[in-house]
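The chain contents come next:
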Amino acid sequence: MTFYQQEINRIRENCYSNETHLMAVIRTRRFINAHFEKELNLQQLAQAGLTSKFHLLRLFKRYYGQTPKQYLTHKRIAQSIICLKKGMTVTDTCFSVGFECPSSFSTLFKQKTGLPPAAFQKKQFLQSTPDGV
Amino acid sequence: MRVKVISIPVQDQQTALDFYTGKLGFVKKHDVPLTGNDRWLTVVSKEEPDGAEILLEPSPNHLEAAGTYQKALYNAGIPYTQFDVDDVDETYRQLTALGVAFSVTPTEMGTVKIAVLDDTCGNHIQLVEML
């Protein structure tokens, strides 16, 4: 067994020995991945993870390093990038990934990517056309 | 400041190019001749052609310390870097069918599933799936 394999076993035993906790956060993340475009609240996520709201908050942050809401935002922004690259309008993108307000979507998008959605889409378009090089 | 290029030390650039494109499915992005047989040789993910480039860098052949470091990591089984995949089990099946050797078969570790392959150029590379 290599040093790395020993380390994998050691870290697994020390950090990931609680199967119940792991299943709760993994179920929750999968639920977010499957339903990110819908309106989601902590109560629904807790039900999906089969745990209480505040317990889920603590566990999710501990195992994924971010809260469920932060992960949901990350997921929606990642999906919006795909939609914008495909040529979907900013407003349609906003609603299709689960945001309720185009202005808050634009603000979040800029925070995460450095550009507002429209500018991001324009940059992608210019990069993908020979004349844009 | 942006991440544009990350380098992986390789003992033979052509062997590395064959492996990273032929087995792992990356695409050649830049191939610029330098001195001797050395090239500025980069590959990118098919899924993210405008994403970060991997520089297949022949540093172990030019700097003894680079070779020593690479060998020490390899002997300890430590991955030089890691790539994200959607499904570790499926990727493992596809790559083993292509003859790729793994030092760690698909293994759950908390909120991730990992596997570690041998890139035939002196490195272990970890594949990661978020669970």
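Along each chain, residues carry numbers from 1 onward, in the same order as the chain's sequence is written. The naming scheme follows written order: chains are lettered A onward, ligands numbered 1 onward. Residues qualify for local features only when their pLDDT is at least 70, as the model is predicted, and side-chain atom pairs are given and counted only at 80 or more; totals for whole chains, interfaces and linings, by contrast, use all residues.

### What to know about the overall build of chain A
For clarity, the cut-off: The numbering of helices and of strands both runs from the N terminus, where a helix is a DSSP run of H or I of at least 4 residues and a strand a run of E of at least 2. With the radius of gyration taken over C-alpha atoms, the globule rule is written as 2.2 Å times the number of residues to the power 0.38. Remark: C-beta atoms are placed from the backbone, and a residue is labelled buried if 20 or more other C-beta atoms sit within 10 Å of its own, exposed if 12 or fewer do, or partly exposed between those counts.
Within chain A, the secondary structure is distributed over eight helices and zero strands. For chain A, the sequential pattern of α-helices and β-strands runs α-α-α-α-α-α-α-α. Against the globule reference of 14 Å for 133 residues, chain A gives a C-alpha radius of gyration of 19 Å, more extended than a compact globule. Summarising its shape, the C-alpha atoms of chain A cover approximately 55 × 40 × 20 Å along the three principal directions. Per-residue burial for chain A yields a buried fraction of 20% across its 133 residues.

### Let's talk about unusual backbone geometry
The phi dihedral of A:Leu50 is positive, around 55°, even though this residue is not glycine. Inspection of the secondary structure assignment puts A:Leu50 in the loop between α3 (42-49) and α4 (53-64).

### Points about α3(A)
All names here are of chain A. Definition in use: Each C-beta atom gives one direction from the helix axis, and the arc is the one those directions make. Each residue gets a C-beta atom placed from its backbone, and two residues are in contact if those atoms lie within 7 Å.
Among the residues of α3, those classed as buried are Leu45, Ala48 and Gly49. All buried residues of α3 fall inside an arc of 90° around its axis, so they share one side. Its buried side turned inward, α3 meets α2 (19-35), α4 and α5 (68-85). Positive phi shows up at Leu50, right after α3, with a value of about 55°.

### Looking at the UniProt feature "domain: HTH araC/xylS-type" (unreviewed entry) in chain A
Let me state the cut-off plainly: UniProt positions are given in the numbering used here, feature names are shortened, and annotations may be inferred rather than shown by experiment.
Look at the UniProt record and you will see "domain: HTH araC/xylS-type" (unreviewed entry) annotated at residues 26-123 of chain A. Summarising residues 26-123 of chain A: 76% helix, 0% strand, and an end-to-end C-alpha distance of 35 Å.

### Describing the domain arrangement of chain A
All names here are of chain A. To keep it simple, the criterion reads: Here the bounds of each domain stem from an automatic or database domain assignment.
The assigned domain composition of chain A is domain 1 (1-65) and domain 2 (73-133). Taking only C-alpha atoms, the centre of domain 1 and the centre of domain 2 are 29 Å apart. With five residues of domain 1 at the contact, the number on the domain 2 side is six residues.

### Digging into the sheet that holds strand β2 (residues 27-33) of chain B
All names here are of chain B. Rules: For two strands to be treated as a pair, DSSP must find no fewer than two bridges joining them. As a rule, the C-alpha atoms of each element are fitted with a line to give its axis, helices using only the stretch in contact, and angles between N-to-C directions run from 0 to 180 degrees.
One open sheet accounts for four strands, arranged β1-β4-β3-β2; its pairing is mixed. What marks the edges here is a single partner per strand, and that holds for β1 (5-9) and β2. Adjacent strand axes in the sheet meet at a mean angle of 25°, parallel and antiparallel pairs treated alike. Sheet analysis places strand β3 (residues 39-44) next to strand β4 (residues 53-57), joined by two bridges and oriented antiparallel. Each bridged residue has a counterpart across the sheet, and for Thr42 the counterpart in β4 is Leu55.

### Re the confidence of the model for chain B
Keep in mind that low pLDDT regions are not for reading the predicted coordinates in detail. The line we're drawing: Per residue, pLDDT captures the predictor's confidence, and it can take any value from 0 to 100.
When the pLDDT values of chain B are averaged, the result is 96; 100% of them are 70 or greater. Predicted complex metrics record ipTM = 0.88 and pTM = 0.88.

### Re the environment of B:Arg2
The topology assignment puts B:Arg2 in the segment before β1. In this structure, the C-alpha to C-alpha distance between B:Arg2 and B:Thr111, residues 109 residues apart in sequence, is 28 Å.

### With respect to the pairing of β2(B)
All names here are of chain B. Relative to β3, β2 runs antiparallel, the two being bridged by six bridges. Bridging across to β3, Lys28 finds its partner in Val43. In this structure, the hairpin formed by β2 and β3 is closed by a connection of five residues, where Gly36 is found at a positive phi of approximately 60°.

### Comments concerning the interface of chain B and chain A
Contacts between the two partners involve 11 residues from chain B, matched on the other side by 15 residues from chain A. Per-element tally for the side of chain B that touches chain A: the top contributor is strand β6 (residues 102-109) of chain B, with four residues.

### Points about the nonpolar core
Residues and elements named next belong to chain B. Defined as follows: In plain words, the nonpolar core is the set of buried Ala, Val, Leu, Ile, Met, Phe, Trp, Tyr and Cys residues that C-beta atoms within 7 Å link up.
The biggest cluster of nonpolar side chains holds 13 residues, and the ones touching the most others in it are Ala16, Tyr20 and Leu56. Elements supplying a minimum of two residues to this core: α1 (13-22), β3 and β4. For Leu56, the residues in contact, after removing those within four places along its chain, are Ile8, Val10, Gln13, Ala16, Leu17, Tyr20, Leu41 and Val43.

### Points about the UniProt feature "domain: VOC" (unreviewed entry) in chain B
According to UniProt, the "domain: VOC" (unreviewed entry) feature falls on residues 2-130 of chain B. Helix makes up 26% of residues 2-130 of chain B and strand makes up 40%, while its end C-alpha atoms are separated by 24 Å.

### Quick notes on the packing of α5(A) against helix α7 (residues 102-113) of chain A
In helix packing, the relevant descriptors are the interaxial angle and the interaxial distance, both defined with respect to the helix axes. Residues and elements named next belong to chain A. Let me state the cut-off plainly: Angle categories: roughly parallel below 35 degrees, roughly antiparallel above 145, roughly perpendicular from 65 to 115, and oblique for all the rest.
One can describe the packing of α5 onto α7 by two numbers: an axis separation of 11 Å at closest approach and a directional angle of 90°. By the angle class used here, α5 and α7 are roughly perpendicular. Residues Thr73, Ile77 and Ser80 of α5 lie in contact with α7, whose contacting residues are Leu108, Phe109 and Lys112.

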